[in-house]
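Single-letter residue listing:
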Amino acid sequence: MQSSWSIDDAEELYGVKRWGAGYFSIGENGNIQLAPNHRYPDVTIDMKDVVDEILAEGIQLPAVIRFHDILRSQVEILNETFQQAIDNADYNGKYIGVFPIKVNQMREVVEEIIDAGEPYNYGLEAGSKPELMAVMAYNENPNALTILNGYKDEDYLTLALLGRHLQRKMIIVIEKYSELEMLIPLARKLNVEPMIGLRSKMMVKSAGKWASSSGDRAKFGLSITEILNIIERLKSEDMLHCAKLLHFHIGSQLSDIRKIKEAVTEGARLYAKLVQMGVPLEYLDIGGGLGIDYDGTSSTTDSSRNYSTEEYVADVVYGVKQICDLEEVPHPNLVSESGRAITAHHSCVVTNIVGEISPTGTQFDISAEDGEHILVANMRELVNAEEIHPQERYNDAASFKASAYEAFKLGILSLPEMAKLDTMYWQILADIHQSLDRDSFVFQELAELEDMLASQYLANMSIFQSAADTWAIGQVLPIVPISRLNEKPQVRCSMVDITCDSDGKLSKYIEGTEISENIPMHTLKKGDNYVVGMFLTGAYQDVMGDMHNLFGRLTEVHVYAHDDEPGDFYIEEVVPGTSAEKVLTTMQYNTDYMAKVVKKSIDRQVRKGNIAPREGVRWTDFYEQCLAGSTYLKV
Ligand SMILES: *Cc1c(COP(=O)(O)O)cnc(C)c1O
């Protein structure tokens, strides 16, 4: 069995290359391998080397690993793909993109993106006041754009106008007519010429999870009537020249290229008509939505996309050009607000499996005893009874188990008898499952044995902190052991987290080109650290987590590729995860007070002679150490 398994089978099963976007693959040694820099595909890093170094430095799992080279590569690829398409199409405008920081506001991420984007004048987008304050401080490039979306109050607008004083290209995107009413007097008072954008509510109905981001009932954006009213208003204020940008965003993770084409057509047509009316628009901002193929199926499922980045970019550039040429208006500069596509690949969560919950995992001695109940004897007859038809054997076992439960409730069966019955029942099921011929038809109930017998692997993490969308919207994220991929995975299992919440589990796995409720993983060996990676967590998942059960933020490890270093990488920085103390403080606890109360209790027992004095000191110290320690399991 073992020898017939190769890394090609592992690739087939976990689909690493299909979702890996050229960055991830399985190495000859059976470890996940990555080539983080698109310009140097020969510089490869072994994930296990990275994890081993993390552990050697005494860092506990779980951890977020950030591959900064992937982040930079994604910025370069997007900008260069646009540049290439613009050259090929003889398009007269420029591409001048922005990164929407809501997708990942981590300072290190934003800094890296700004740095990698500098040659392209790549800017930032903000959607709230705190985000605006962050982008003001981090996007100092006077040639890059700062796009300001979201609902705004006077402070938000004032900050944006301050940005204009600082010679920044800050574009205030009007989401509601009332924002313009607020902006006009403010701009006059502060004597600043604002750059104004108009966000259009689109007629195209997008598909998928974010379908409600477009259409008449969309939460954001202006109807055509409102846009025309705004233009009249700007004209009457002699401010029409401030209207620089037309914006739309029809939703995130757009899985179908046809919706994108439709939106581009609608947006470009609107742009052209407004320009013909004398609105001096310079930019057309097509929003975000560039999808990620999380499940590796290249399809229109919610977790995939049926197009490549090249195709997306070409559809935008050629689509806008065609309409502008027909309408005889200048080609606008193109802005996009891709967030997910920039950040998803660069980070992953690595964690260890700390236990297994298996229905067949614990066994009770099942040997026959004098005077045992007939139900126990009956069940024993089914053990090793391969001669009985599987369905019949299953029916009998299930029926004895049900009778046993009734008998237990009536006080007829003892606890040891119940334990025997249970042990035998699961043995029989596992035996039936093994005997089934996978390729021929099996009855529905027998087909479900796979799920019934699947183990649950206990992962040292909280999905509410690290993979919020798997719980909230059924997002699929690739989950793969980072090593042993040259070994046949023998255990079918699903993963559950360590929160005390039944929802704290992962129930969607990539298995070949299908999504399954459980997948094969490797047998856990005693004393071996089985480390699993959850990939493509760099967009939204990194920053949306909550503190359910008071599990805090993960330790972060920042990795850079470097071909002179052993293993072609080095760990540039480790940002410690949230301590128990910090999490408790956020919830308004005073941890000094808590430590004092516990110490007092210990002292009282010391005085009474129940705890020895030195032991008391050790207990006190231990409590304090735990406060300073991680919120996750120490293994
Ligand atoms: C969320 C959002 C984005 C980012 O969308 P992605 O799908 O992550 O690219 C861009 N623009 C606006 C206005 C948004 O709300």
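Residues numbered from 1 in each chain as written. Predicted model: local features only at pLDDT ≥ 70, side-chain atom pairs only at ≥ 80, totals over all residues. Heavy atoms only, no water.

A. Representation of the site of the ligand in the model. Contacts to the ligand come from 17 residues, most closely from Lys102, Ser252, Glu337, Gly339 and Tyr540. Ser252 places a side-chain nitrogen or oxygen 2.5 Å from an oxygen atom of the ligand. Take Gly339: an N or O atom from its main chain is 2.8 Å from an oxygen atom of the ligand. Alone, the ligand offers 390 Å² of accessible surface; in the complex the protein occludes 92% of this. Residue classes in the shell around the ligand are distributed as 3 nonpolar, 9 polar and 5 charged. (Near = heavy atom within 4 Å. Polar contact = N/O pair within 3.5 Å; in protein donor to acceptor, adjacent residues only side chain to side chain. Areas by Shrake-Rupley, 256 points an atom, 1.4 Å probe, with all protein chains shown as cover. Nonpolar A, V, L, I, M, F, W, Y, C, P; charged D, E, K, R; others polar.)

B. Highlighting the sheet that holds strand S1 (residues 24–26). Read from one edge of the open sheet, 3 strands run S1-S2-S3, paired in antiparallel fashion. Since the sheet does not close on itself, it has two edges, and those belong to S1 and strand S3 (45–46), each with one partner. Of the pairings in the sheet, the one linking strand S2 (residues 32–34) to S3 comprises 2 bridges and is antiparallel in character. Opposite Gln33, over in S3, you have Asp46 as the bridge partner. (Pairing = 2+ DSSP bridges. Helix = DSSP H or I, 4+ residues; strand = E, 2+ residues; numbered from the N terminus.)

C. Expanded view of the packing of aromatic side chains. This model, assessed by the stated rule, comprises 11 aromatic pairs. Between Phe24 and Phe535, the aromatic rings sit 5.3 Å apart at their centres with planes inclined by 70°, giving edge-to-face as the arrangement. On the criterion of sequence distance, the pair formed by Phe24 in strand S1 and Phe535 in the loop between strand S21 (531–534) and helix H20 (541–544) is long-range, its members being 511 residues apart. According to the relative accessible area criterion, Phe24 is buried, its value standing at 3%. Given a relative accessible area of 0%, Phe535 falls into the buried group. Measuring from ring centre to ring centre gives 3.8 Å for Phe82 and Tyr95, while their planes differ by 0°; the resulting arrangement is stacked. On the criterion of sequence distance, the pair formed by Phe82 in helix H4 (residues 68–88) and Tyr95 in the loop between H4 and strand S5 (98–100) is long-range, its members being 13 residues apart. In this structure, Phe82 and Tyr95 share a single accessibility class: buried. Put simply, the rings of Trp19, Phe24 and Phe535 pair up and form one aromatic cluster. Of note, Lys152 hangs over the ring of Tyr156, and the distance from its end group to the ring centre comes to 5.6 Å. Above the plane of the ring of Tyr425 lies Lys401, whose end atom (NZ or CZ) is 4.8 Å from the centre. (Phe/Tyr/Trp six-rings, centres within 6.5 Å; stacked < 30°, edge-to-face > 60°. Buried < 20%, exposed > 50% of the residue type's maximum accessible area, 1.4 Å probe, protein only. Lys NZ or Arg CZ within 6 Å of the ring centre and 35° of its normal.)

D. Local environment of the pattern of salt bridges. Evaluated as defined, the whole model comprises 35 salt bridges. Of the charged contacts in the structure, one is a salt bridge between Glu282 and Lys244, with a shortest N-O distance of 3.3 Å. Here the residue Glu282 occupies a position in the loop between helix H10 (257–276) and strand S11 (283–285), and Lys244 occupies one in strand S10 (residues 243–247), the gap between them amounting to 38 residues. For Glu282, a relative accessible area of 34% corresponds to the partly exposed category. By relative accessible area, which is 18% here, Lys244 ends up buried. The salt bridge involving Lys261 is made with Asp315; its shortest N-O contact spans 3.2 Å. Here the residue Lys261 occupies a position in helix H10, and Asp315 occupies one in helix H11 (residues 309–327), the gap between them amounting to 54 residues. Judged by its relative accessible area of 15%, Asp315 is buried. (Salt bridge = Lys/Arg side-chain N within 4 Å of Asp/Glu carboxyl O.)

E. View of the nonpolar core. Judged by nonpolar contacts, the single largest core of 151 residues is most densely connected at Met495 and Phe535. Considering each element in turn, this core owes the most residues, 10 residues, to H10. Aside from chain neighbours lying at most four places away, what touches Met495 is Ile353, Tyr457, Ala459, Ile479, Lys505, Leu506, Tyr509, Met521 and Val532. (Core = buried A, V, L, I, M, F, W, Y, C linked by side-chain atoms within 4.5 Å. Contact = heavy atoms within 4.5 Å.)

None of this, on its own, says anything about what the molecule does.
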